[in-house]
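Letter by letter, the chains look like this.
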Amino acid sequence: MHKTIRILSLLLLTAAVLLTGCTARRVRTDAADASTTEAPTTQTISEESFSAEACDIALPLELPETTEETTEETTEETTEEATEPPTQTTATTTVATTAAATTATTTTTTTTSTTTTTTTTTAATATTTTTTAKTTTTTAKATTTKAASGAKAQSAAPTSARAALNSAALHPQKTNDAELDAAVQQVFDRIFRPGMTTYDKVVACYDYIISHAEYGRPKMVVTQDDLKAYQTEQDAWIVLFSKRILENGQGVCDDYSALFLVMTRAIGLDCYYTHGYTTNTKGETKDHVWDTITVGGVDYIFDPQVEDKQSANGIRYTFFCQPYTASIAKIYSGYDLAADKAAYNAFRK
């Protein structure tokens, strides 16, 4: 009898232990589920909420006029970055240098019997140096090649642009993004030279973007934290787009215009991100973004992305520092310059 009671007691104790363990496991599982449900998640923002559509402008028969400052057009056959070492050749070497109102180029050529020095070339002259002996050539240039398509020939930007940009009062403005500001300064160190005017620097920036970027939309992950880094989302998007085109060498109108704004703002010009519409080659009206620089109360269009699209045979500066005239109205529409200017918030965080 006592033996039976002890066995029953043991069975009851074992059942109680098992029930306690199951309850504890259920509590832990419920707690884990609750923790997983309440864990914060990072929301990815689509750039489509801000970005303009891809733009390939269909130009009207009447284009903005561009006044040539050069007496002849030349083709840039060889372009080297200032950071590259001198090149040596043992055969006939021809160096054709073209400077488009942008930057000064100095070329020194040394042969076994003679020494020829070609000094600064400006927008008014172009120089070709040819040697038939062993040649050592050192070229310091601010304009560099686009690896994918080679160098582009350049004509001169409008004459009025020089006077307008050089008359501007400068108020340099950085983005307050340490990484982007450092990257832009590195570009400036490569493309700017002592003695350059404001006009020279703006053309150098315009050429740099066109020469180093091609049309494309690389993937970009954007979070709410990225957009909250600045007081206005537009400033945040401009920083993000500028980084994308610098890092990837690809971009759409948003990226081209964003980087040009950041660079010209760093120079000190009043540049604004401008939203509107253009008509593409299919006859469709599409969203587009370009830049507007205001000098002395006059607004001028700058559109490096469309310039790049139209520059297969050389940069023509068709969309460089053009006032908002009737010919421009045939290409661009739907913009509100007052609203676009008000949207710029000086990259305040």
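Below or above, wherever it landed, is the structure these notes cover. (Residues numbered from 1 in each chain as written. Predicted model: local features only at pLDDT ≥ 70, side-chain atom pairs only at ≥ 80, totals over all residues. Heavy atoms only, no water.)

**Focus: helix α3 (residues 178–191)**
Then step 1. The terminal C-alpha atoms of α3, which comprises 14 residues, lie 20 Å apart, in line with the 20 Å expected from a rise of 1.5 Å per residue.
Then step 2. Listed as buried for α3 are Leu-180, Asp-181, Val-184, Val-187, Phe-188 and Ile-191. Summarising the axial view, the buried residues of α3 lie within an arc of 120°, below the 170-degree limit, and thus occupy one face. The exposed set on the far side of α3, more than 90 degrees from its buried face, consists of Ala-178, Gln-186 and Asp-189.
Then step 3. Buried residues along α3 sit in contact with α4 (198–212), α6 (233–248) and α7 (253–267). (Helix = DSSP H or I, 4+ residues; strand = E, 2+ residues; numbered from the N terminus. Expected span 1.5 Å × (residues − 1). Buried < 20%, exposed > 50% of the residue type's maximum accessible area, 1.4 Å probe, protein only. Arc of directions from axis to C-beta. Contact = heavy atoms within 4.5 Å.)

**Regarding unusual backbone geometry**
Then step 1. We note that Tyr-317 has phi near 60°; this positive angle belongs to a residue other than glycine.
Then step 2. Assignment of secondary structure puts Tyr-317 in the loop between α8 (304–309) and β14 (320–323).
Then step 3. For Tyr-317, a relative accessible area of 0% gives the class buried.
Then step 4. Phi is positive for Ala-346, close to 60°, though the residue is something other than glycine.
Then step 5. On the secondary structure map, Ala-346 appears in the segment after α10 (337–343).
Then step 6. Taking the relative accessible area as the measure of exposure, Ala-346 reaches 16% and is therefore buried.

**Considering the pattern of salt bridges**
Then step 1. Evaluation of the coordinates by the stated rule reveals seven salt bridges.
Then step 2. One salt bridge connects Glu-179 with Lys-243, and the closest N-O pair in it is separated by 3.4 Å. Here Glu-179 is found in helix α3, whereas its partner Lys-243 is found in helix α6, with 64 residues between them in sequence.
Then step 3. A residue is classified by how much of its surface remains accessible, and Lys-243, at 18% relative accessible area, is buried. (Salt bridge = Lys/Arg side-chain N within 4 Å of Asp/Glu carboxyl O.)

**Notes on the sheet that holds strand β11 (residues 270–279)**
Then step 1. On the basis of which strands lie adjacent, the open sheet formed by four strands has the order β11-β12-β13-β14 and antiparallel pairing. The open sheet has two free edges, formed respectively by β11 and β14, since each of these has just one partner strand. Strand-to-strand twist across the sheet, computed as the mean angle between neighbouring axes with direction ignored, equals 40°.
Then step 2. For strand β12 (residues 285–295) and strand β13 (residues 298–302), the ladder comprises five bridges, and the chain directions are antiparallel. In the strand pairing of β13, Asp-291 is matched with Phe-302.
Then step 3. Along the sheet, α7 makes contact with β11, β12 and β13, crossing β11 at roughly 160°. (Pairing = 2+ DSSP bridges. Axes fitted to C-alpha atoms, helices over the stretch in contact; angles between N-to-C directions.)

**Re the packing of aromatic side chains**
Then step 1. Counting across every chain of the model gives 16 aromatic pairs.
Then step 2. Between Trp-290 and Tyr-335 the ring centres are 5.8 Å apart and the planes differ by 90°, which places this aromatic pair in the edge-to-face class. You can see Trp-290 sitting in strand β12 and its partner Tyr-335 sitting in the loop between α9 (326–329) and α10, a full 45 residues away along the chain.
Then step 3. We classify Trp-290 as buried; its relative accessible area is 0%.
Then step 4. The structure contains a cluster of three or more aromatic residues connected by ring pairs, namely Tyr-199, Tyr-206, Phe-260, Phe-302, Tyr-317 and Phe-320.
Then step 5. The ring of Tyr-344 is capped by Arg-265, whose NZ or CZ atom sits 3.9 Å from the centre of that ring. (Phe/Tyr/Trp six-rings, centres within 6.5 Å; stacked < 30°, edge-to-face > 60°. Lys NZ or Arg CZ within 6 Å of the ring centre and 35° of its normal.)

**Overview of the environment of Leu-170**
Then step 1. Note on placement: Leu-170 falls in the loop between α2 (159–166) and α3.
Then step 2. Since its relative accessible area comes to 37%, Leu-170 is described here as partly exposed.
Then step 3. Beyond its immediate chain neighbours, meaning those up to four positions away, Leu-170 contacts Thr-198, Ile-267, Gly-268 and Leu-269.

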